[in-house]
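Residue-level structural notes
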Amino acid sequence: SAPVEPTSAPVEPTSSPTIDQFVPFYRAEFTNNAGDFTPDTRWRETGGVENGGALRIRKKQKVKTWVKNINAYSQLKIQFMFKASNEVEEGNGLKVIIKFNGGSKSTEWKKKSGAENNDNTFSNLDQWYVETIIVDKPSNGRKILIEISGLTTNSGKGDYMVDNVYVTGLKI
């Protein structure tokens with residue numbers, strides 16, 4: 001039989017690509033309750049993704065939670081899903097406020113019902129949207145407040161279901 005050639009050792013790459021790795025560290029899926037979000041009276045057993053549990057926000061109502069232990073991260077990515085009911089009128093919408101340590105400086109995300117889907121408006125009622133907010137953590141950031149609410153200009157019609165709130169962090 002012919003001699004077997006030795007296999008060469010795997011080649012080590014000279015430089016590994018730097019990929020920003022966001023590490024998951026907080027999740028609220030509202031399966032059985034409102035989780036850490038208050039007030040817990042906003043929780044509904046059905047109406048969420050795949051008809052599981054979710055939070056319901058009507059008019060100008062709000063829900064909020066604190067996410068702690070964020071010291072190890074330089075950036076945070078807050079991801080959530082929302083769906084507006086068929087009764088929501090054009091110009092009505094949802095907003096999210098992110099604050100560090102409860103300070104006055106905040107990041108605000110908002111979206112209104114409108115003619116098209118873009119960074120400022122959503123056009124499809126009764127359909128889930130996945131949204132992402134990325135914020136830089138200040139060096140003294142120890143915890144963040146996540147507050148989700150109806151816009152102060154909302155009329156009394158319709159409501160919003162919020163589900164699957166995830167926070168991931170980019171390691172320092």
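Scroll up a little and you will see the structure.
Structure report, in brief. All residue numbers refer to positions counted from 1 along the written sequence of the respective chain. Owing to the predicted nature of the model, reporting of local features is limited to residues with pLDDT of at least 70; listing and counting of side-chain atom pairs is limited to 80 or more, with chain, interface and lining totals taken over all residues. The basis for every side-chain value is the complete set of non-hydrogen atoms in the structure, without hydrogens or water.

**A closer look at the sheet that holds strand β6 (residues 93-100)**
Read across the open sheet, the five strands follow the order β4-β10-β6-β7-β8; overall the sheet is mixed. Lying at the two open borders of the sheet, with one neighbouring strand each, are β4 (62-68) and β8 (121-122). Strands are labelled as partners when DSSP assigns at least two bridges between them. Strands here are runs of E lasting at least two residues and helices are runs of H or I lasting at least four, both read from the DSSP assignment and numbered beginning at the N terminus. With seven bridges joining them, β4 and strand β10 (residues 143-150) adopt antiparallel strand pairing. Looking across to β10, one finds that Val-63 is bridged to Ile-148.

**Focus: unusual backbone geometry**
Along the chain, Thr-38 connects to Pro-39 via a cis peptide bond; the corresponding omega equals -5 degrees. Backbone geometry places Lys-59, a non-glycine residue, at a positive phi of 50 degrees. Tracing the backbone shows Lys-59 in the loop between β3 (54-58) and β4. Whether a residue is buried, partly exposed or exposed follows from its accessible area with a 1.4 Å probe, protein chains only, as a fraction of its type maximum: under 20%, in between, or over 50%, in that order. According to the relative accessible area criterion, Lys-59 is partly exposed, its value standing at 43%. Despite not being glycine, Asn-164 has its phi angle at roughly 50 degrees, a positive value. Along the chain, Asn-164 falls in strand β11 (residues 159-171).

**Quick look at the nonpolar core**
Membership of the largest hydrophobic core comes to 33 residues, with the highest contact counts inside it found for Phe-37, Ile-78, Ile-144, Ile-146 and Ile-148. When residues of this core are assigned to their parent elements, the largest contribution, six residues, is made by strand β5 (residues 73-84). Dropping the residues within four chain positions of it, Ile-148 is found in contact with Phe-37, Ile-57, Gln-61, Lys-62, Val-63, Leu-94, Lys-95, Val-96, Val-162 and Val-165. The term nonpolar core refers to a set of buried residues drawn from Ala, Val, Leu, Ile, Met, Phe, Trp, Tyr and Cys, joined through side-chain atoms within 4.5 Å. The contact definition used throughout considers only heavy atoms, calling two residues in contact when any of these lie within 4.5 Å.

**Observations regarding the packing of aromatic side chains**
Two rings from Phe, Tyr or Trp (for Trp, the six-membered ring) form a pair when their centres are within 6.5 Å of each other. A pair whose planes differ by under 30 degrees is stacked, one over 60 is edge-to-face, and the rest are tilted. Per the stated rule, a full pass over the model turns up seven aromatic pairs. Between Phe-80 and Trp-109 the ring centres are 5.1 Å apart and the planes differ by 90 degrees, which places this aromatic pair in the edge-to-face class. Linking Phe-80 in strand β5 with Trp-109 in strand β7 (residues 106-113), this pair joins segments that are 29 residues apart in sequence. Seen in terms of ring centroids, Phe-82 and Phe-122 are 5.2 Å apart; in terms of plane orientation they differ by 75 degrees. Their pairing is edge-to-face. Here the residue Phe-82 occupies a position in strand β5, and Phe-122 occupies one in strand β8, the gap between them amounting to 40 residues. Under the relative-accessibility criterion, Phe-122 is labelled buried at 0%.

**Thoughts on the environment of Glu-87**
With respect to the helices and strands, the residue Glu-87 is situated in the loop between β5 and β6. Spatially, the C-alpha atoms of Glu-87 and Asp-126 are 9.3 Å apart, while their sequence positions differ by 39 residues. Not counting the four nearest positions on each side in its chain, Glu-87 is found in contact with Lys-157 and Gly-158. In protein, a polar contact requires one atom able to donate a hydrogen and another able to accept it; more generally it is a pair of N or O atoms within 3.5 Å, and residues adjacent in sequence count only if both atoms are side-chain atoms. Here the side chain of Glu-87 touches Ser-85 through a polar contact of 3.0 Å, side chain to side chain.

**Here we look at the pattern of salt bridges**
For this analysis, a salt bridge means a side-chain nitrogen from Lys or Arg found within 4 Å of a carboxyl oxygen belonging to Asp or Glu. Overall, the coordinates contain seven salt bridges when judged by the stated rule. The salt bridge involving Lys-83 is made with Asp-126; its shortest N-O contact spans 3.6 Å. Here Lys-83 is found in strand β5, whereas its partner Asp-126 is found in the loop between β8 and β9 (129-136), with 43 residues between them in sequence. For Lys-83, a relative accessible area of 16% translates into the label buried. Overall, Asp-126 belongs to the partly exposed group, its relative accessible area being 46%.

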